[in-house]
Amino acid sequence: QVQLVESGGASVQAGASLRLSCVVSGRTFNTYAMGWFRQAPGKEREFVASINRSGNSTIYGDAVKGRFTISTDNAKNTVYLQMNNLKPEDTAVYYCASSPGYYGPYPGGYAYWGQGTQVTVSS
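All of the points below concern the structure found in this document. Worth saying up front: this structure is predicted, and the values here are computed from it rather than measured.

Taken across its seven residues, strand 5 (residues 46-52) has six buried, putting it largely inside the fold. In the sheet, strand 4 (residues 33-39) pairs with strand 5 via six bridges, with the strands oriented antiparallel. Counted as the bridge partner of alanine 33 is asparagine 52 from strand 5. Where strand 4 hands over to strand 5, the hairpin turn is made up of six residues, of which glycine 42 adopts a positive phi near 75 degrees. Hairpin geometry of strand 5 and strand 6 (residues 58-60) is characterised by an intervening segment of five residues between the two adjacent antiparallel strands and by a positive phi of about 80 degrees at glycine 55.

Following this line, the structure appears as structure tokens:
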């Protein structure tokens, strides 16, 4: 099994930066890609970013391109989401996810999910 635990969410003002962390444990041998998604109340889950196993390829949702950066630290078994120039529309619960064979923006391609961490951005 694979377990994911997110942390780093907070309440900040517009323009601030945050770094979210996702610690991965368990049987990660077959992990193909990692992703970040977010979901605001009453809205559908939205793709944020994804990174492949080797960490040399990334994909970003249009709403966060140029502001967010996904990265990994294999020694720490951790994936990060650096969030810069935060906007009120970034307010959501952010989820880390693991895929056994898919690399892309669709939530259905990811098999394991963390519990989520709340990010609130005030204007």
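Still to come is the rest of the account.
Position of threonine 78 among the secondary structure elements: in strand 8 (residues 78-83). At 2.8 Å, the side chain of threonine 78 forms a polar contact with the backbone oxygen of lysine 76. Sequence-distant contacts of threonine 78, that is, excluding residues within four places in its chain, are made with Ser21, Cys22, Val23, Ser71, Thr72 and Asp73.

As a further point, take the nonpolar core. Judged by nonpolar contacts, the single largest core of 26 residues is most densely connected at Trp36, Leu81 and Tyr94. Broken down by secondary-structure element, the contributors of at least two residues to this core are strand 1 (2-7), strand 3 (18-26), strand 4, strand 5, strand 7 (68-73), strand 8, strand 9 (92-99) and strand 11 (117-122). If one sorts the elements of this core by residue count, strand 3 sits on top with four residues.

Formally, a disulfide is one covalent bond, and it connects the sulfur atom of one cysteine to the sulfur atom of another. For the structure on display, the rule yields one disulfide. Residue cysteine 22 pairs covalently with cysteine 96 via a disulfide, S to S 2.2 Å. On the sign convention where negative is left-handed, the bridge of cysteine 22 and cysteine 96, at about -85 degrees about the S-S bond, is left-handed. Of this pair, cysteine 22 sits in strand 3 while cysteine 96 sits in strand 9, placing them 74 residues apart in sequence. Classification of cysteine 96 as buried rests on a relative accessible area of 0%.

It is worth spelling out the sheet that holds strand 3 at this point. Ordered in space as 1-3-8-7, the four strands form an open sheet in which the pairing is antiparallel. The open sheet is flanked by strand 1 and strand 7, the only strands paired with a single partner. Across the sheet, the axes of successive neighbouring strands diverge by a mean angle of 20 degrees, strand direction being ignored. Here strand 3 runs beside strand 8; their pairing, made up of six bridges, is antiparallel. By the bridge assignment, arginine 19 is partnered in strand 8 with glutamine 82.

Next up on the list: unusual backbone geometry. Backbone geometry places asparagine 77, a non-glycine residue, at a positive phi of 50 degrees. By secondary structure assignment, the location of asparagine 77 is in the loop between strand 7 and strand 8. On the basis of relative accessible area, asparagine 77 is assigned to the partly exposed category, the value being 45%. Residues other than glycine seldom take positive phi values, yet asparagine 85 does so here, at roughly 50 degrees. We classify asparagine 85 as partly exposed; its relative accessible area is 42%.

Reading the values: the criteria
Residues numbered from 1 in each chain as written. Predicted model: local features only at pLDDT ≥ 70, side-chain atom pairs only at ≥ 80, totals over all residues. Heavy atoms only, no water. Buried < 20%, exposed > 50% of the residue type's maximum accessible area, 1.4 Å probe, protein only. Helix = DSSP H or I, 4+ residues; strand = E, 2+ residues; numbered from the N terminus. Pairing = 2+ DSSP bridges. Polar contact = N/O pair within 3.5 Å; in protein donor to acceptor, adjacent residues only side chain to side chain. Contact = heavy atoms within 4.5 Å. Core = buried A, V, L, I, M, F, W, Y, C linked by side-chain atoms within 4.5 Å. Disulfide = S-S within 2.5 Å. Axes fitted to C-alpha atoms, helices over the stretch in contact; angles between N-to-C directions.

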